[in-house]
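# Observations on the model geometry
Letter by letter, the chains look like this.
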Amino acid sequence: MWFTNLCLLLTMFFSCQQKHNDFATMSVDDFAEVINNPTVQRLDVRTVAEYSEGHIPGSLNINVLDDEHFTSMADSALDKNRPVALYCRSGKRSKKAARILSGKGFKVYELATGFNSWKEAGQAVER
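Each value, and the rule that gives it
Residues numbered from 1 in each chain as written. Predicted model: local features only at pLDDT ≥ 70, side-chain atom pairs only at ≥ 80, totals over all residues. Heavy atoms only, no water. Pairing = 2+ DSSP bridges. Helix = DSSP H or I, 4+ residues; strand = E, 2+ residues; numbered from the N terminus. Contact = heavy atoms within 4.5 Å. Axes fitted to C-alpha atoms, helices over the stretch in contact; angles between N-to-C directions. Core = buried A, V, L, I, M, F, W, Y, C linked by side-chain atoms within 4.5 Å. Buried < 20%, exposed > 50% of the residue type's maximum accessible area, 1.4 Å probe, protein only. pLDDT = per-residue confidence, 0-100. Parallel < 35°, antiparallel > 145°, perpendicular 65-115°, else oblique. Left-handed = near helix turned anticlockwise from the far one by under 90°.

### Points about the sheet that holds strand E1 (residues 23–26)
What the five strands build is an open sheet, ordered E1-E5-E4-E2-E3; its pairing is parallel. The open sheet has two edge strands with one neighbour each: E1 and strand E3 (60–61). Here E1 pairs with strand E5 (residues 108–111) via four bridges, running parallel. Each residue of the ladder has a partner; that of Phe23, found in E5, is Val108. Strands E1, strand E2 (41–44), strand E4 (84–87) and E5 of the sheet are contacted by helix H5 (residues 92–103), whose axis makes an angle of about 175 degrees with E5.

Below, the structure written as structure tokens:
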């Protein structure tokens, strides 16, 4: 009986965890393919200074490290009915943003290796 209860608790725990982490982590090539779809919203979650040094064309900038405003800014600037493709410099901050947005019901694609790998792969960048 205790084993059954333990299994039930573990199942509930892991199903809840997965629900809040429901986003796709992608390679540069896959990410490039996804953002070619005009319905996909592009989101750069780096600082304003990083964004101004170069970003993926058509990207909106909302700094995920701005804990006080990130969620409210994302809610007001992004359409929940359209997917969001997001990235940061190396992939750490984008995972945080992906968890937040997917937990709020957004369909999220995350560039696993970040903007640095995007540039190194020769993909389009604008200032």
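### Remarks on the nonpolar core
Grouped together as the largest cluster of nonpolar side chains are 16 residues, with contacts concentrated most on Leu43, Val45, Leu86 and Leu101. When contributions to this core are tallied by element, the ones reaching two or more residues are helix H4 (70–77), E4 and H5. A per-element tally of this core places H5 first, with three residues. If sequence neighbours within four positions are ignored, Leu101 has contacts with Leu43, Phe70, Ala74, Leu78, Val84, Leu86, Phe106 and Val108. In terms of nonpolar packing, the next biggest core, distinct from the first, is built from 14 residues, Met26, Val28, Phe31 and Ile35 among them.

### What to know about the confidence of the model for the chain
Of all residues in the chain, 83% have pLDDT values of 70 or greater, and the mean over the chain is 88. Segment residues 2–20 is flagged for pLDDT under 50; beyond a separation of four residues in sequence, or across chains, it makes three contacts in the model.

### Quick look at the packing of H4 against H5
Closest axis-to-axis distance for the H4/H5 pair is 11 Å, and the angle between their directions is 60 degrees. With respect to each other, H4 and H5 are oriented oblique. The two elements H4 and H5 cross, and the hand of that crossing is right-handed. Residues Phe70, Thr71 and Ala74 of H4 form the contact with H5, whose own contacting residues are Ala97, Ile100 and Leu101.

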